[in-house]
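Listed below are the residues making up each chain.
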Amino acid sequence: MDGYAVQAADVADPPARLRIVGESAAGAGWHQEMKAGEAVRIMTGAPVPAGADAVQQVELTREIDSNGSIEILESVEVGRSIVKQAAEIKSGETVLRAGEEINAAMIATLASFGCAQVKVRRRPRVAVMATGSELVDVDLKPGQDQIRDSNNYTIAAYAELAGAIVERLPLAGDNTEELKAQITRAVETSDVLITSGGVSMGVYDFTKAALKELGAEIFFERVALRPGKPTVFARMRNALVFGLPGNPVSVAVTFNLFARTALRAMQGASQPTLNEQTAILGRRVKGSIDRESYLPAVLRTDGKGSLIAEPLKWGGSSDFVAFARATGLINVPAGVKSIEAGERVSIVRLPGSAP
């Protein structure tokens, strides 16, 4: 605090007149001992002189003559506006732990402790590929039976938030040989390949078939999840492969539950999964008998400080317009038919949403 270093006992009965005996500035301290009846002009960040036990801010003082006297207008308690050296942490305590993501605030801590270099995990290289002969690039006008690709951009954005270095691959049509060629090139240069579309049970769902023909080790190809049932997880050579569904909401949900977790774990994150909390349900939701549900919601805080999960009114896993407003997902366990408004529910926050 800019002001005057004093002895609190000297100013217990204000106004109190003290003699200015020196000045302590940041980087240029006054390194003598201050005595009773004296004051030292002090600036923010400067060392407190020996003998002083408080600092009174300059706004509560008045210089009264040219001989270097100061009048302290209000009393001050011992320790006011003084930060003791090493008060932030004690010897032997851990400052930062392995597995924590280094954010802007942590940079100051690392710098202050002289950590000019720290060991970090390499950012995973992720290739993203949308499949489907109906897809066209975002800058083109769709023709008959066509739609613009959005999944490539959704996955790339979420992957970058997860710390990955992302390469968006060209769109791949519904052709097994074309898919096999693209997949082969991708796994040679990437740590993770994430595809969207072509993993369901339709006649033109070729992604899963292409992976099998290439000899990929498939760990699972369906999950008891709503939305996102036809999700594939595999390994080919040294790369992990996630085959996500084609519907855009399913893509967002399955990426954040599965692919994001893998990407964070690859970087050594101590908590690779989404931040899970509880909230009060704002409106009734329906569950599924045989599948766990993750339903899009807007998270807000009410006037009492309670976290409210307001389910979005959406038209299913293709309703990307409604999902654009989602900040979290409501978890409804399998076998739960419905949850009523006012009950507590488990939620996860979507990356990029407010904390």
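1. Concerning the overall build of the chain
Across its full length, the chain holds 6 helices and 22 strands. For 355 residues, the compact-globule estimate of 2.2 N^0.38 gives 20 Å, and the C-alpha radius of gyration of the chain, at 31 Å, exceeds that figure by more than 25%. Buried positions account for 41% of the 355 residues belonging to the chain. Within the chain, contacts between residues separated by at least 24 positions form 63% of all contacts whose residues are at least 6 apart in sequence. Per element, the accessible surface of the chain, about 19100 Å² overall, is 49% carbon and sulfur.

2. Topic: the pairing of strand 3 (residues 38–42)
When you tally the buried positions in strand 3, you get 4 out of 5 residues, the bulk of the element. Sheet analysis places strand 1 (residues 3–6) next to strand 3, joined by 3 bridges and oriented antiparallel. Looking at strand 3, one finds that Ala5 is bridged to Val40. The sheet contact formed by strand 2 (residues 16–24) and strand 3 spans 5 bridges and is parallel. Residue pairing for strand 3: Arg19 is matched across the bridge by Glu38.

3. Quick look at the pattern of salt bridges
Evaluation of the coordinates by the stated rule reveals 16 salt bridges. In this structure, Arg80 and Glu77 form a salt bridge, with 3.0 Å as the shortest nitrogen-oxygen distance. One salt bridge connects Arg122 with Asp191, and the closest N-O pair in it is separated by 2.9 Å. Separated by 69 residues along the polypeptide, Arg122 in the loop between helix 1 (104–112) and strand 7 (125–130) and Asp191 in the loop between helix 3 (176–189) and strand 11 (192–196) bring together distant segments of the chain. Assessed through its relative accessible area of 11%, Asp191 is described here as buried. Through salt bridges with shared partners, a single ionic network connects Glu23, Arg41 and Glu63.

4. As for the nonpolar core
In terms of nonpolar packing, the biggest core is built from 32 residues, with Ile194, Phe242, Val253, Phe255, Leu263 and Phe323 touching the most fellow members. Put simply, the parts of the chain that give this core at least two residues each are strand 7, helix 2 (151–161), strand 11, strand 15 (239–244) and helix 5 (248–266). Ranked by the residues each element gives to this core, the list is headed by helix 5, at 9 residues. Ala127, Ala186, Leu211 and Ala234 belong to the second largest nonpolar core, which has 19 residues in total.

5. Digging into unusual backbone geometry
With an omega of -5 degrees, the peptide bond running from Pro14 to Pro15 counts as cis. Along the chain, Pro15 turns up in the loop between strand 1 and strand 2. Looking along the chain, the bond that leaves Arg226 and enters Pro227 is cis, with omega of -5 degrees. Mapped onto the elements, Pro227 comes out in the loop between strand 13 (225–226) and strand 14 (232–236).

6. As for the sheet that holds strand 2
One open sheet holds the 6 strands; their spatial order is 4-1-3-2-6-5, and the pairing between them is mixed. Two strands bound the open sheet, and with one partner strand each, they are strand 4 (54–57) and strand 5 (61–65). The sheet shows a mean angle of 40 degrees between the axes of neighbouring strands, direction not considered.

7. What to know about the environment of Ala224
Tracing the chain through its elements places Ala224 in the loop between strand 12 (217–220) and strand 13. Those residues in contact with Ala224 that sit more than four places away from it in its chain are Asp290, Arg291 and Glu292.

8. Topic: the sheet that holds strand 15
What the 6 strands build is an open sheet, ordered 10-7-11-15-14-12; its pairing is mixed. Bordering the open sheet on either side are strand 10 (165–168) and strand 12, each of which pairs with just one other strand. Between one strand and the next, the sheet's axes are offset by a mean angle of 20 degrees, whatever the strand orientation. As paired strands, strand 11 and strand 15 are joined by 5 bridges and run parallel to one another. Residue Ser196 lies in a different strand from strand 15, and its bridge partner there is Leu244. The strands touched by helix 2 are strand 7, strand 10, strand 11 and strand 15; relative to strand 10, the strand with the most contacts, the crossing angle is about 170 degrees. Where helix 5 meets the sheet, it contacts strand 7, strand 11, strand 12 and strand 15, and its direction lies at approximately 170 degrees from that of strand 15.

9. With respect to the environment of Leu169
Relative to the helices and strands, Leu169 is located in the loop between strand 10 and helix 3. In the structure, Leu169 is positioned 67 residues away from Met236 in sequence and 18 Å away in space, judged by C-alpha atoms. The contacts of Leu169, once residues within four sequence positions are left out, are Ala127, Val128, Met129, Asn152, Gln182, Ala186 and Leu193.

10. So, the side chain of Thr131
Mapped onto the elements, Thr131 comes out in the loop between strand 7 and strand 8 (135–136). There is a polar contact of 3.0 Å between the side chain of Thr131 and the backbone oxygen of Ser196. Those residues within four positions of Thr131 in sequence are excluded, and the remaining contacts are Ala172, Leu179, Ser196, Gly197, Gly198 and Thr207.

Rules used in this analysis
- Residues numbered from 1 in each chain as written.
- Predicted model: local features only at pLDDT ≥ 70, side-chain atom pairs only at ≥ 80, totals over all residues.
- Heavy atoms only, no water.
- Helix = DSSP H or I, 4+ residues; strand = E, 2+ residues; numbered from the N terminus.
- Rg over C-alpha atoms; globule rule 2.2 N^0.38 Å.
- Buried < 20%, exposed > 50% of the residue type's maximum accessible area, 1.4 Å probe, protein only.
- Contact = heavy atoms within 4.5 Å.
- Areas by Shrake-Rupley, 256 points an atom, 1.4 Å probe, with all protein chains shown as cover.
- Pairing = 2+ DSSP bridges.
- Salt bridge = Lys/Arg side-chain N within 4 Å of Asp/Glu carboxyl O.
- Core = buried A, V, L, I, M, F, W, Y, C linked by side-chain atoms within 4.5 Å.
- Axes fitted to C-alpha atoms, helices over the stretch in contact; angles between N-to-C directions.
- Polar contact = N/O pair within 3.5 Å; in protein donor to acceptor, adjacent residues only side chain to side chain.

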